[in-house]
Amino acid sequence: MREILFFHGADCPHCKRMRPIVAKIKDELKCKIIALEVWNNEENADKMREYADIISQAGNGDLGVPAFVDVKHNEAKCGEITEEELKKWLMEK
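The text that follows walks through the structure, step by step, so that each part is easy to find. This structure is a prediction, so every number in the text was calculated from the model and none was measured.

Once that is clear, we can look at the state of the cysteines. For the structure shown, the criterion picks out 0 disulfides. Cysteine 12 supplies the cysteine sulfur nearest to cysteine 15, a cysteine that is in no disulfide, at a spacing of 3.1 Å. Take cysteine 15: its relative accessible area is 0%, and that puts it in the buried class. Between cysteine 31, a cysteine without a disulfide, and cysteine 15, which holds the nearest cysteine sulfur, the sulfur-to-sulfur distance is 18 Å. A relative accessible area of 7% places cysteine 31 in the buried class.

Thresholds, definitions, all that
Residues numbered from 1 in each chain as written. Predicted model: local features only at pLDDT ≥ 70, side-chain atom pairs only at ≥ 80, totals over all residues. Heavy atoms only, no water. Disulfide = S-S within 2.5 Å. Buried < 20%, exposed > 50% of the residue type's maximum accessible area, 1.4 Å probe, protein only.

Just geometry here; none of it tells us what the structure is for.
Now the structure itself:
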């Protein structure tokens, strides 16, 4: 199972809709998803910038939230996605 960094913004409406999905999947799949708020936490924002290349590739050139990063496999998903799409991606490797 993957270990994922979940970058999100405190007041982002897309992130707000993703948070309960992430919590449900985390419990259901027993996977490790580390939530890092980036709009009000500069340390977390710096961490997100470390993965700017793969996040921007997944987000069509944008470094935006919500963003999911699999550090081990150097892969990312960016934007508001469905529960099914997130589950499928998490279970791929």
